Amino acid sequence: MDYKKYLIEGFCPVDKYHCLMPVEYESEESDGIVVGYHKKRMVCRHALAGSCENEDKCKFFEDAPEKLDKDEKWYEQ
């Protein structure tokens, strides 16, 4: 499996500002070749630290597309 991050723009009620937040996507493969990605989880600093009281209803995660093409513009760290 391959994991990539996609950035979603919006207002974060935890940070209290308008920002870009990373959503993690997991690869979908066909015969060992990546054909696309599906939404897996939030990977912002609050979600990773387990300190977000809104994680189960995160607007960024809800607004992120369910599936993305393998050639999407991904966030590279």
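Just so we're clear, the structure is a prediction, and the values are computed from it rather than from any experiment.

Caption draft 1: Here's a closer look at the packing of aromatic side chains. According to the stated counting rule, one finds four aromatic pairs in the structure shown. Ring-pair connections join several aromatic residues into one group, and the members of that group are Tyr6, Tyr25, Tyr37 and Trp74. For Lys39, the ring lying beneath its charged end belongs to Phe61, and the centroid distance is 4.5 Å.

Caption draft 2: Structural context of the nonpolar core. Among the nonpolar cores identified, the biggest contains 16 residues, and Met21, Tyr25, Met42 and Phe60 are the most heavily contacted of them. With four residues, strand 2 (residues 17-30) is the single largest residue contributor to this core.

Caption draft 3: A look at the environment of Arg41. With respect to the helices and strands, the residue Arg41 is situated in strand 3 (residues 33-42). Linking Arg41 and Lys5, residues 36 residues apart in sequence, is a C-alpha distance of 9.7 Å. Those residues in contact with Arg41 that lie beyond four places of it in its chain are Val23, Glu24, Leu48 and Phe61.

Parameters at a glance
- Within any chain, residue numbers begin from 1 and follow the written order of that chain's sequence.
- With the structure being a predicted model, the display of local features is reserved for residues of pLDDT at least 70 and the display and counting of side-chain atom pairs for 80 or more, all residues being used for whole-chain, interface and lining totals.
- Just so you know, side-chain values use all the structure's heavy atoms and leave hydrogens and water out.
- Two aromatic rings, drawn from Phe, Tyr or Trp (for Trp, its six-membered ring), form a pair once their centres lie within 6.5 Å of each other, and the interplanar angle then sorts them: stacked below 30 degrees, edge-to-face above 60, tilted otherwise.
- Two conditions define a charge located above a ring, namely a distance within 6 Å from the ring centre to NZ of Lys or CZ of Arg, and an angle within 35 degrees of the ring normal.
- To define a nonpolar core, start from buried Ala, Val, Leu, Ile, Met, Phe, Trp, Tyr and Cys residues and group those joined through side-chain atoms within 4.5 Å.
- Relative accessibility thresholds used throughout: buried, under 20% of the residue-type maximum; exposed, over 50%; partly exposed, between the two (1.4 Å probe, protein chains only).
- Only DSSP runs of H or I reaching four residues or more are called helices, and only runs of E reaching two or more are called strands; each is numbered from the N terminus.
- Residue contacts follow a heavy-atom distance rule, with two residues in contact if any of their heavy atoms lie within 4.5 Å.

By themselves, these are just geometric observations and shouldn't be taken as functional.
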